[in-house]
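Structural overview for review
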Amino acid sequence: MRSRVSEPAHKFGRSFTHLRPQKSATMQLSATVKKLAPSATIAAAAKAKELKSKGIKVHEFTLGEPDFITPEHIRQAAKEAMDAGHTHYTPSGGTLELKKAVRDAFERETGVSYDPSQVLVSNGAKHSIHNVLTAMCGPGDEVIIPAPYWVSYSALVELTGATPVIVDTSEESGFCLSAEQFEEAITDKTRLLMLNNPCNPTGAAYTIAGLEALARVAVNRGIPVLSDEIYDKLIYEGSEFKSFASLGEDVAKLTIVVNGVSKAYAMTGWRIGWTLAPTDLTKAMDNLQSQETSNPCSVSQCAAVVALNGPQECVADMLVAFSKRREYVLGRLAEIPNISLATPGGAFYAFFNVSHYFGKPLGSGKVVENASDFCTALLEDAHVALVTGDAFGAPGYVRLSFATNLDNLKAGFDALQGFLNP
Ligand SMILES: *Cc1c(COP(=O)(O)O)cnc(C)c1O
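No experiment lies behind these values; they were computed from the predicted model shown.

**A look at the layout of surface pockets**
Here the largest pocket is characterised by a volume of approximately 630 Å³. Along the walls of the largest pocket sit 28 residues, with Ile-42, Gly-64, Glu-65, Trp-150 and Lys-263 positioned nearest its centre. Listing elements by their share of the lining of the largest pocket, those giving two or more residues are helix H2 (40-53) and helix H5 (125-136). Here the lining of the largest pocket takes five residues from H2, the largest share from any one element. Of the residues belonging to the lining of the largest pocket, the class tally is ten nonpolar, nine polar and nine charged. Viewed by domain, the lining of the largest pocket spans two of them, domain 1 (37-64 + 314-420) and domain 2 (73-310), each represented by three or more residues. There is about 370 Å³ of room inside the second largest pocket. Forming the boundary of the second largest pocket are 17 residues, of which Leu-36, Ala-37, Val-151, Ser-152 and Ala-155 lie nearest the centre. With seven residues, the single largest contributor to the lining of the second largest pocket is helix H6 (residues 151-159). Counted by class, the lining of the second largest pocket contains ten nonpolar, four polar and three charged residues.

Right under this line is the structure:
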């Protein structure tokens, strides 16, 4: 409900000296933001940067983004868009041209057709996820999140006042949620399952049979699924990918596909993501976005159209590079005794268990008891930057991003091995 306070009649004749802030005045922070921690991956990268600024060579493996520059033809499209005057507001939910490009690309890849009115373009997929959660959830609601999970999932759920229900998956299962686990986590307060396939931080890529089993539960119990498919173009040999929305018409009705250009086209800085979702939800999210942010960057939208409609060799070339790096990383990890991991089938992360090394002297003699302290000691002593699994709801693990070149990986693994076997 709104309340309205009328201005007092004497307001305009009055001096404003009484508005001078008092020395003791402080800004009150809301309960919501007081609970919020900064994104742990961004914090880890900042710590590495701090060392670098002191002139220290850091082996940086925290980055959650491709190291490649955005392909030339996409950059060119942005320059042309600026010169052609695409510098104004666009419709709040994105241009029709980009919505059609998203729709067409999805149809090409999955055979499933959406109407452009079911596409909402936002300021990156993270913003898309915020829109979905804000439009669907509130206090008293529950959202199921399989762990390990992307850092922002639980924070974004909590921002809405809803409760994240964290379901641990095991290394033995390849860090995949089973249908039984999904079923068991459902209550009458469940509003959504948040699925990330392939997964950041684990690289887990679900089998199609595994997805179908989850889809059956979703349909039987009427639980909507947010399917974050941002790594769908980064699938390695031996793994498969299928969009959750392509598992059947009844499944599509319950699915919100989240995707974007950040990972597939090396366009993290451009901030373009989207949802494919039922029309009513899309409309509600568009209303929200029109009040909160208006349209995503007009120039970025033009570039994203070209990314989706243009030649796709750049995507394949980057996948080849990532495959080589993954092979190298898996080889080096296999040489390290007493760590374990589930082989990543997608994305560009290796997520491995280092708990064997807790309680024993490492590097310059430090003894650590958890993954956060492990990462701090590793950074300080060996100048290798990883992200602690604690940030992803997985104590005992660390995440290594292999979105960096082979020379960096080699030097980093040499330093890591020296740290583990001083
Ligand atoms: C990188 C990433 C995103 C989104 O990135 P945007 O740059 O906001 O589009 C979404 N989900 C996961 C799991 C990611 O790793």
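So much for the structure itself; the text now carries on.
**Re the packing of H5 against helix H10 (residues 279-292)**
Put simply, H5 and H10 touch, their axes get as near as 9 Å, and they point 110° apart. Here H5 lies roughly perpendicular to H10, going by the angle between them. Here H5 and H10 pass one another in a crossing that is right-handed. Residues His-127, His-130, Asn-131, Val-132, Thr-134, Ala-135 and Met-136 of H5 pack against Leu-281, Met-285, Leu-288, Gln-289 and Glu-292 of H10. Classifying every residue of the contact of H5 with H10 by side-chain character gives six nonpolar, five polar and one charged.

Conventions and cut-offs
Residues numbered from 1 in each chain as written. Predicted model: local features only at pLDDT ≥ 70, side-chain atom pairs only at ≥ 80, totals over all residues. Heavy atoms only, no water. 1 Å grid on protein atoms, 1.4 Å probe; cavity = no way out; pocket = protein on both sides within 12 Å on 5 of 7 lines; lining within 4 Å. Points joined across faces, edges and corners; volume = space filled by probe spheres on them. Helix = DSSP H or I, 4+ residues; strand = E, 2+ residues; numbered from the N terminus. Nonpolar A, V, L, I, M, F, W, Y, C, P; charged D, E, K, R; others polar. Domains from an automatic or database assignment. Axes fitted to C-alpha atoms, helices over the stretch in contact; angles between N-to-C directions. Parallel < 35°, antiparallel > 145°, perpendicular 65-115°, else oblique. Left-handed = near helix turned anticlockwise from the far one by under 90°. Contact = heavy atoms within 4.5 Å.

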